[in-house]
Amino acid sequence: MAKAIEINNGNGFEMGEPYFCTECNRNHTKGKIYKEHLEFARINDSEEKDSNDKSENINDENDDEAELLKVLDDLEDDSNLNENEEINEEINENDDQIEDNSNNRSNKNECIAQVKKLPGVGEATLSKLIKAGFDSLEAIAYTPPKIIQDESGLGEKTIAKLIKASMEKLNIGFKSAEVIWEHRKNISRITTSSQELDNLLGGGIETGSLIEFFGEFRTGKTQIAHQLCVNVQLPKELGGLEGNALYIDTEGTFRPERIIQMAEGLNLDHETILKNIVFGRAYNSDHQILLVKEAANLIKEKNIKLIIIDSLIGHFRSEYIGRGTLANRQQLINTHLHDLLRLCDIYTDLAVVVTNQVSAKPDVFYGNPITATGGNIVAHGSTIRVYLRKGKGEQRVAKLVDAPHLPEGEGIFSITEEGIKD
Ligand code: ADP
Ligand code: MG
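Residues numbered from 1 in each chain as written. Chains lettered and ligands numbered in written order. Predicted model: local features only at pLDDT ≥ 70, side-chain atom pairs only at ≥ 80, totals over all residues. Heavy atoms only, no water.

1. Brief notes about the packing of aromatic side chains
So, point 1. As enumerated under the stated definition, the model contains four aromatic pairs in all.
So, point 2. Within the aromatic cluster, the residues linked to one another by ring pairs are Tyr247, Phe254 and Phe279.
So, point 3. When the ring centre of tyrosine 283 is taken as reference, the NZ or CZ atom of arginine 281 above it lies at 4.8 Å.
So, point 4. A cation over a ring is seen here: arginine 385 above phenylalanine 214, with NZ or CZ 4.7 Å from the ring centre. (Phe/Tyr/Trp six-rings, centres within 6.5 Å; stacked < 30°, edge-to-face > 60°. Lys NZ or Arg CZ within 6 Å of the ring centre and 35° of its normal.)

Below you can see the structure in the form of structure tokens.
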């Protein structure tokens, strides 16, 4: 079963403060929410509860050291593992899951090893970077210095040097369009299960982009989000990415029952499908921002190929009411969107899909007066925008509103018991 990550702290949640999780009955630490939950889920599943493991950490420095040692240990373990893997290749062939996990782990460790090689990165710096989630050259190169500084506590000069070195290693700078084309040719797509919708999107939901579905209540935004969590797990030849999904639910409308129906509609084992969806419920906008920051830590480890936020703006809208707070709200949304866009830049095989409500805009006298909430900031942040509206019965109409490389157009799909269909 997908382990529901329910983090409840009452009303007074503040960024950076510990908050109480009702599911595992303890406070969570910033930077570790998902990890601690997964640990909890694992312990819970195997019923190997070891109370010593759960004892709270008293000394932060020891904690840092222990964590770094563990990472370095893992690095060594993995090089041994690779040798063993070669020898035992045949034995392991049947056990896809184990192989997948160790691939992800060695992938992650490879990235960390590259960071370790940057000039001036000693053990203390490395530990701080890893703890804050900057565990690859890409993560360092694409993140604004101010954010790295806030999250890692490292000094301005050190960070400037690290970014410069990462950018050099990654060859970031001006490139020929041919190089960009090579890069875009590698983009993969997730099918929506509707041929018309896929065609509209140029072959499905593309990786490396932020895709926004917006529309009124009951137009199918949440259903599409559910369907994509199933479809991303399909083999590539069937329109999937052979990866897992991470779902951030801000409205409390995620339903495992629907995932089961959709998995069965595709003749898939629903238990596996559920297990491969990492779920987080965001109770307010601060929490939502935090979950996205946490997500970055999980992408490699959990082989995440799709991130869903359903819905993007809801919390911001209800928390920042009135004209006076608008600038503040837009700035927060802007930062949040950039966190998401950065993930698209860093992980080119990752798709990010967000949903958005609409509001009637009273000052539009012609055309459709309905616009997505969040204003221009969201419009300019998303790479591809799709407007959904109701058709006859179970039919829905999707309209491509904004895409840098696709013609505007419309497609019709249906919402059925088994999920999205033509
Ligand atoms: P929203 O755009 O508000 O997120 P949803 O994605 O939740 O809307 O879509 C809701 C629609 O999905 C409903 O109108 C309903 O008809 C349809 N739907 C939900 N569950 C099922 C189901 N099990 N079988 C068929 N249709 C369903
Ligand atoms: Mg919804």
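2. Some points on the confidence of the model for the chain
So, point 1. Mean pLDDT over the chain works out to 77, with 69% of the residues at or above the 70 mark.
So, point 2. Across the chain, the secondary-structure element scoring lowest on mean pLDDT is strand β1 (residues 4-5), at 40, and the one scoring highest is helix α12 (residues 221-231), at 97.
So, point 3. With pLDDT under 50 throughout, residues 1-15 is counted as low confidence; its partners more than four residues away or in other chains account for 48 contacts.
So, point 4. Within the model, the stretch residues 362-367 combines pLDDT values under 50 with one contact to residues more than four positions away or in other chains. (pLDDT = per-residue confidence, 0-100. Helix = DSSP H or I, 4+ residues; strand = E, 2+ residues; numbered from the N terminus. Contact = heavy atoms within 4.5 Å.)

3. With respect to the pattern of salt bridges
So, point 1. According to the stated counting rule, one finds eight salt bridges in the structure shown.
So, point 2. Aspartate 349 is the salt-bridge partner of lysine 305, the closest N and O atoms lying 3.9 Å from each other. Here the residue lysine 305 occupies a position in strand β9 (residues 304-310), and aspartate 349 occupies one in the loop between α17 (326-346) and β10 (351-356), the gap between them amounting to 44 residues.
So, point 3. Residue class for lysine 305 comes out buried when judged on its relative accessible area of 12%.
So, point 4. Linking arginine 389 and glutamate 410 is a salt bridge whose minimum nitrogen-to-oxygen distance equals 3.1 Å. Taken together, the positions of arginine 389 in strand β13 (residues 384-390) and glutamate 410 in strand β15 (residues 409-416) put the pair 21 residues apart, joining distant regions of the chain. (Salt bridge = Lys/Arg side-chain N within 4 Å of Asp/Glu carboxyl O. Buried < 20%, exposed > 50% of the residue type's maximum accessible area, 1.4 Å probe, protein only.)

4. Observations regarding the site of ligand 1
So, point 1. Residues in close proximity to ligand 1 total 14 residues, the closest being Arg218, Gly220, Lys221, Thr222 and Gln223.
So, point 2. Here a nitrogen atom of ligand 1 sits 3.1 Å away from a polar atom, N or O, in the side chain of arginine 258.
So, point 3. For ligand 1, whose accessible area on its own is 580 Å², the fraction buried by protein is 72%.
So, point 4. Residue assignment for the shell around ligand 1 shows that the elements contributing at least two residues are α12, α13 (256-265) and β15.
So, point 5. The greatest single-element share of the shell around ligand 1, amounting to three residues, is contributed by α12.
So, point 6. Considering only residue class, the shell around ligand 1 consists of two nonpolar, six polar and six charged. (Near = heavy atom within 4 Å. Polar contact = N/O pair within 3.5 Å; in protein donor to acceptor, adjacent residues only side chain to side chain. Areas by Shrake-Rupley, 256 points an atom, 1.4 Å probe, with all protein chains shown as cover. Nonpolar A, V, L, I, M, F, W, Y, C, P; charged D, E, K, R; others polar.)

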